[in-house]
Amino acid sequence: MSSTQQPSSSSSSKKQPLFIASLIILWYSSNIGVLLLNKFLLSNYGFKFPIFLTMCHMSACAFLSYISIVFMKLVPLQPIKSRPQFLKIATLSVVFCGSVVGGNISLRYLPVSFNQAVGATTPFFTALFAYLMTFKREAWVTYGALVPVVTGVVIASGGEPGFHWFGFIMCISATAARAFKSVLQGILLSSEGEKLNSMNLLLYMSPIAVLVLLPAALIMEPNVLEVILSLGRQHKYMWLLLLINSTLAYSANLSNFLVTKHTSALTLQVLGNAKGAVAVVISILLFRNPVTVVGIAGYTMTVLGVVAYGEAKRRFR
């Protein structure tokens, strides 16, 4: 019996690394793809509607989450159990909307490389909000590792040829909102009865986000439908680009969940640091935005600071 079971066990052990590698490739390609397509649509294509673009992303996430959970049963459906839980999810959804819209607005004014450098400061804001909201303190070594994270962005800002103040403020705001959402999620959904996995949370957050973004788009981007229809007639691939872009937004969330599930949160953090560097290189090659030695040095310092922060947090937990 053991001889017949051994090949099967060996086969499954060989398939596991291949499966995880495939998930990581999907996560990288989805994240970098949606980032580059956002930049192309918002800066190079004449599609200057970041709120409407975010609404398209959230619509795709709502629809595809429902298909994945209810029909494909990738994860069990976790129902909302109370009105207070729903209000907490709605709060998270509004904060999440703010972070995504801010990030998309910043891409209109900043190159992807600098956008990623600022985005790498997320651990700094997460540590700050965790301390202010929950009084959770880390070891001083851990806080010390955040110094090069912030210093690197300051250096990169001074060496960025395409620096834009409004874009920078939007990018910083989006990064802070993303960190605030992660801390807030830990507080609001901390009880065992309210915890939702990220896929179910996305299922409930996405429709709320669409309801928030629709009136915002109509008020703040009043000519959005007229211009989009005009662009659709001028560029026959625009609708396809929008569809691919929105699908990639969902794929990024799904693959993020799957990579975390099959590896660990620490592995995800390490891979995320590498992903940012890959996105920077690809964006520079594609968009040909000028970079300086000072800018590269600043971004490198930020990434190394994030790596040091992750390692310090692991060791001095």
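Residues numbered from 1 in each chain as written. Predicted model: local features only at pLDDT ≥ 70, side-chain atom pairs only at ≥ 80, totals over all residues. Heavy atoms only, no water.

## Focus: the overall build of the protein
Rules: Helix numbers and strand numbers start at the N terminus; a helix is a DSSP run of H or I with at least 4 residues, a strand a run of E with at least 2. The globule rule used here is 2.2 Å times the number of residues to the 0.38 power, and the radius of gyration it is set against is calculated over C-alpha atoms. Throughout this description, buried means an accessible area under 20% of the type-specific maximum (1.4 Å probe, protein chains only), exposed means over 50%, and partly exposed covers the range between. Residues are treated as being in contact if the distance between any of their heavy atoms lies within 4.5 Å.
Scanning the protein from N- to C-terminus turns up 13 helices and zero strands. Each helix and strand of the protein, ordered N terminal to C terminal, gives the series α-α-α-α-α-α-α-α-α-α-α-α-α. In terms of overall size, the protein behaves like a compact globule, its C-alpha atoms giving a radius of gyration of 21 Å where 317 residues would be expected to give roughly 20 Å. Dimensions of the protein along its principal axes, counting C-alpha atoms only, are 65 × 45 × 45 Å. Going through the 317 residues of the protein one by one, you find that 46% of them count as buried. Look at the contacts in the protein between residues 6 or more apart in sequence, and 86% of them connect residues 24 or more apart.

## So, the packing of helix α2 (residues 50-71) against helix α11 (residues 238-262)
Packed helices, taken two at a time, are described by the angle their axes make and the gap between the axes. Which entries qualify depends on this criterion: Whenever a helix is involved, its axis is fitted only over the stretch in contact; in every case the axis is a line through C-alpha atoms, and angles between N-to-C directions fall within 0 to 180 degrees. An angle below 35 degrees is read as roughly parallel, one above 145 as roughly antiparallel, one from 65 to 115 as roughly perpendicular, and any other as oblique. Left-handed is the label given to a crossing in which the near helix is rotated counterclockwise from the far helix by less than a right angle, and right-handed is the label when the rotation is clockwise. Polar here means any residue other than Ala, Val, Leu, Ile, Met, Phe, Trp, Tyr, Cys and Pro, which are nonpolar, and Asp, Glu, Lys and Arg, which are charged; Gly is therefore polar.
One can describe the packing of α2 onto α11 by two numbers: an axis separation of 8 Å at closest approach and a directional angle of 60°. Put simply, α2 runs oblique to α11. The two elements α2 and α11 cross, and the hand of that crossing is right-handed. Packed against α2, whose contacting residues are L53, C56, H57, A60, C61, L64, S65 and S68, the element α11 presents L242, N245, S246, T247, A249, Y250 and N253 at the interface. Looking at the contact of α2 with α11 residue by residue, the class counts come to eight nonpolar, seven polar and no charged.

## Quick look at the nonpolar core
Put simply, the test is: Put simply, buried Ala, Val, Leu, Ile, Met, Phe, Trp, Tyr and Cys residues joined by side-chain atoms within 4.5 Å make one nonpolar core.
Residues F47, F52 and L213 are the most contacted members of the largest nonpolar core, which totals 63 residues. Listing elements by their share of this core, those giving two or more residues are α1 (2-44), α2, α3 (83-109), α8 (165-188), α9 (198-220), α10 (224-234), α11 and α12 (265-287). Among the elements that take part in this core, α9 stands out by supplying eleven residues, more than any other. Leaving out residues up to four positions away in the same chain, F52 has contacts with F47, A217, E221, V224, L225 and I228.

## A few points about the pattern of salt bridges
Stated formally: Put simply, a salt bridge is a Lys or Arg side-chain nitrogen that is within 4 Å of an Asp or Glu carboxyl oxygen.
Inspection of the entire model under this criterion finds two salt bridges. Note that K88 and E194 form a salt bridge whose closest N and O atoms lie 2.8 Å from each other. Taken as a pair, K88 in helix α3 and E194 in the loop between α8 and α9 lie far apart in primary sequence, 106 residues in all. K88 gets classed as partly exposed once you look at its relative accessible area, which sits at 23%. Among the ionic pairs, R315 bridges to E311, the shortest N-O distance being 2.8 Å. Taken together, the residues span about one helical turn, with R315 and E311 both in helix α13 (residues 293-315) at a distance of four residues. On the basis of relative accessibility, which here comes to 30%, the residue E311 falls in the partly exposed class.

## Here we look at a nonpolar patch on the surface
The line we're drawing: Put simply, a patch holds well-exposed residues, over 30% relative accessible area, that have no salt bridge, with like charges counted together within 9 Å and Val, Leu, Ile, Met, Phe, Trp or Tyr side chains within 5 Å. With residues, only the protein chains shown are counted as cover, and all accessible areas are computed by Shrake-Rupley using a 1.4 Å probe.
Side chains of Y66, F71, M72 and L74 sit close together on the surface and give an oily, nonpolar patch of about 450 Å² of accessible area. Mapped onto the elements, Y66 comes out in helix α2.

## Remarks on the packing of α2 against α3
Where α2 meets α3, the axes come as close as 9 Å, and the angle between the chain directions of the two elements is 130°. By the angle between their axes, α2 is oblique relative to α3. In terms of crossing hand, the pair formed by α2 and α3 is right-handed. For the pair α2 and α3, the contacting residues are P50, I51, L53, T54, H57 and M58 in the first and F96, V100, V101, N104, I105 and R108 in the second. Considering only residue class, the contact of α2 with α3 consists of eight nonpolar, three polar and one charged.

## As for the packing of aromatic side chains
Convention followed: The rule is short: rings of Phe, Tyr and Trp, with Trp giving its six-membered ring, pair when the centres are within 6.5 Å, and they are stacked under 30 degrees, edge-to-face over 60, tilted in between. Should the NZ of a Lys or the CZ of an Arg lie within 6 Å of a ring centre and within 35 degrees of the ring normal, that charge is described as sitting over the ring.
Considering all chains together, one arrives at 13 aromatic pairs under this definition. A centroid spacing of 5.2 Å and a plane angle of 75° characterise the contact between F124 and F125, whose relative ring orientation is edge-to-face. We classify F125 as buried; its relative accessible area is 13%. An aromatic cluster is present here, built from F114, F163, W165 and F168 joined pairwise through their rings. The ring of W27 has K275 sitting right over it, with the charged end atom 5.7 Å from the ring centre.

## A short note on α13
Stated formally: Multiply 1.5 Å by the residue count of a helix minus one, and that product is the helix's expected span.
Under the 1.5 Å per step criterion, the end-to-end length of α13 is 33 Å for 23 residues, consistent within 8% with the ideal 33 Å. Among the residues of α13, G295, G298, Y299, T302, V303, G305, V306, Y309, G310 and A312 are the ones counted as buried.

## What to know about the environment of T263
For T263, the position within the fold is in the loop between α11 and α12. A relative accessible area of 28% means that T263 is categorised as partly exposed. Sequence separation between T263 and I20 is 243 residues; the distance between their C-alpha atoms is 7.8 Å.

## Re the confidence of the model for the protein
This is how the line gets drawn: The predictor reports its confidence for every residue as pLDDT, a score running from 0 up to 100.
On average, residues of the protein score 86 in pLDDT, and 93% of them are at 70 or above. In this model residues 1-5 is a low-confidence stretch, pLDDT under 50, and it forms zero contacts with partners more than four residues away in sequence or in other chains.

## Focus: helix α7 (residues 146-158)
Going by this rule: The arc in question is the one spanned by the directions pointing from the helix axis to the C-beta atoms.
In this model α7 runs 19 Å from its N-terminal to its C-terminal C-alpha over 13 residues, within 8% of the 18 Å that 1.5 Å per residue would give. Every buried residue belonging to α7 is among L146, V149, G152, V153, A156 and S157, and all of these are buried. Looking down the long axis of α7, one finds its buried residues gathered within 135° of arc, a one-sided arrangement. Counted as exposed and oriented over 90 degrees from the buried face of α7: V147, V154 and G158. Elements that come into contact with the buried residues of α7 comprise α4 (112-119), α5 (122-134), α6 (140-144), α8 and α13.

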